[in-house]
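What the coordinates show
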Amino acid sequence: MATDTQQRISANITGRVQGVGFRNFTRRTARRLGVTGWVRNEPDGSVQLEAEGSPDDLEELVDAVHEGPRAARVESVDVDWQDATDEFAHFEVRF
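Residues numbered from 1 in each chain as written. Predicted model: local features only at pLDDT ≥ 70, side-chain atom pairs only at ≥ 80, totals over all residues. Heavy atoms only, no water.

With respect to the overall build of the chain
Short version of the rule: In this text, helices come from DSSP runs of H or I with a minimum length of four residues, and strands from runs of E with a minimum of two, each type numbered from the N-terminal end. As defined in this context, the radius of gyration uses C-alpha atoms, and a globule is described by 2.2 Å times the residue total to the power 0.38. Think of it in three bands: residues with accessible area under 20% of the maximum for their type are buried, residues over 50% are exposed, and the middle band is partly exposed, with areas taken using a 1.4 Å probe on protein chains only. We call two residues contacting when some pair of their heavy atoms lies within 4.5 Å. Counted as positive: Lys and Arg. Counted as negative: Asp and Glu, with His and the chain ends omitted from the count. A charge is said to be at NZ when it belongs to Lys, at CZ for Arg, at CG for Asp and at CD for Glu.
Assigned secondary structure in the chain consists of two helices and five strands. Each helix and strand of the chain, placed in order from N terminus to C terminus, yields the pattern β-α-β-β-α-β-β. A globule of 95 residues ought to have a C-alpha radius of gyration of about 12 Å, and the chain, at 12 Å, matches this closely. Seen along its three principal axes, the alpha-carbon backbone of the chain occupies a region of about 35 × 25 × 20 Å. Out of the 95 residues belonging to the chain, those deemed buried represent 44%. Taking the intrachain contacts of the chain between residues at least 6 apart in sequence as the baseline, contacts between residues at least 24 apart amount to 79%. On the chain, the mean spot of the 11 positive side-chain charges and the mean spot of the 18 negative ones are 12 Å from each other.

Pasting the structure below:
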């Protein structure tokens, strides 16, 4: 995508994504890209990601979470694209 309009993604990542540094990997990647939002572990073993930024940066973040850190084994990344709400000041790990 070649636009600077801010977008939002809501993503659920499944596989071996807890206990492998996935949240910190996601936080580092998001901060490097200038993306705001949060990432957290879910009780079902998945990871939830909410992020806002430019479409290009968000696509790069989605590509990164498809791979994850070396110990992760990502099975699926279900992404929903929406309009940005500008509710985040930075990117954080939520517990």
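Looking at the pairing of strand E2 (residues 36-41)
This is how it is decided: In short, DSSP must find at least two bridges between two strands for them to pair.
Two strands pair when backbone bridges link them, and E2 and strand E3 (residues 47-53) are joined in this way by six bridges, in the antiparallel orientation. For Thr36, the partnering residue across the bridge sits in E3 and is Glu52. Counting the residues between successive antiparallel strands, the hairpin from E2 to E3 contains five residues, one of them, Gly45, with a positive phi of roughly 95°.

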